[in-house]
Amino acid sequence: MRVFSGTPLKVAALALVATTSLSLTACDGGSKADDSHTSSAAADPLSKKGKVDKARFIKEVKTSMATVKTYRMETSLDGSMNGQKMNMKATTDYDGTDSSKPKAHMVTTTPESSGTLEQVIIDDQTYTKQGSKWQKTPSQTKSKKNDPGDMAVGFTQGIDNLTYVGKESRGHRYDAPVPASSGASSSIGQKKTTGKVTYWLDDAKRFKGIKMSMPSGQGGDMAVDATFSKYNEKVEMPKVA
């Protein structure tokens, strides 16, 4: 797998997109809070508008995401790197019901080249669809890279000054600036910049959406929008062997 430089959050975003996915479609988990949640939320430090404890946020999101066995993530990426435009849409279905052999099914499309890549990863084995058949191909990653708990840590490292904005249609919104990497601001005359990340959580503190915009660190920028849905619902995986 290609190695990217930059903040931990940026590396997580780029590496995940490069090997799996990140979308602009709406998530189905946005139920309105009931009265019991409203009363409990009043005592929740993470539900008070303004700056919140970053460490507490990461811990509670990781704990909630660690209970997830299956999910769907739809992603879009737009940007540029080294003078080349990037445009990608992807869908990942993850099934970690069998923790010894987690599975991930990924379909990635690149509109500019009209190309589609479909892969299934079972633990450390990768299968790529070629025509109507599945072929075992060299593994670039493990399906455990899509583990919900680990993913929560990857997507929250490197954030700064986390702020709770309030509840929106997409979920509970948290904003944070992302410090620019040294590589993104080392050119003479280039003003140091930061990126931005927005998280939306459901009432159980699971991801509903993540939106990032930041310098790519290689002379460009990128915008990633991910939507999460189908938590703990049955996942259909293609038969590859």
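Residues numbered from 1 in each chain as written. Predicted model: local features only at pLDDT ≥ 70, side-chain atom pairs only at ≥ 80, totals over all residues. Heavy atoms only, no water.

## Here we look at the overall build of the protein
On a plain count of helices and strands, the protein comes out with four helices and 12 strands. Per-residue burial over the protein gives 45% buried out of 241 residues. With the model as given, the accessible surface of the protein reaches about 12300 Å², and the carbon-plus-sulfur share is 50%. (Helix = DSSP H or I, 4+ residues; strand = E, 2+ residues; numbered from the N terminus. Buried < 20%, exposed > 50% of the residue type's maximum accessible area, 1.4 Å probe, protein only. Areas by Shrake-Rupley, 256 points an atom, 1.4 Å probe, with all protein chains shown as cover.)

## Here's the deal with the pattern of salt bridges
Considering all chains together, one arrives at 10 salt bridges under this definition. In this structure, the salt-bridge partner of D202 is R206, at a minimum N-O distance of 2.8 Å. For D202, a relative accessible area of 8% puts it in the buried group. Taking relative accessible area as the criterion, R206 reaches 22% and is therefore assigned partly exposed. (Salt bridge = Lys/Arg side-chain N within 4 Å of Asp/Glu carboxyl O.)

## Side note on unusual backbone geometry
Non-glycine residue K230 carries a positive phi angle of around 55 degrees. Tracing the backbone through its elements, the reader meets K230 in the segment after β12 (221-229). By relative accessible area, which is 33% here, K230 ends up partly exposed. One non-glycine residue, N232, lies in positive phi territory at about 55 degrees. By secondary structure assignment, the location of N232 is in the segment after β12. For N232, a relative accessible area of 43% gives the class partly exposed.

## Here we look at the environment of K234
Along the polypeptide, K234 turns up in the segment after β12. For K234, a relative accessible area of 76% translates into the label exposed.

## Describing the pairing of strand β6 (residues 125-130)
The sheet contact formed by strand β5 (residues 115-122) and β6 spans four bridges and is antiparallel. From the neighbouring strand, I121 faces β6, where its bridge partner is T126. Counting the residues in the hairpin turn of β5 and β6 gives two residues, including D123, whose phi is positive at 55 degrees. As paired elements, β6 and strand β7 (residues 133-137) share five bridges and run antiparallel to each other. (Pairing = 2+ DSSP bridges.)

Interpretation note: all reported values are geometric properties and have no functional meaning in isolation.
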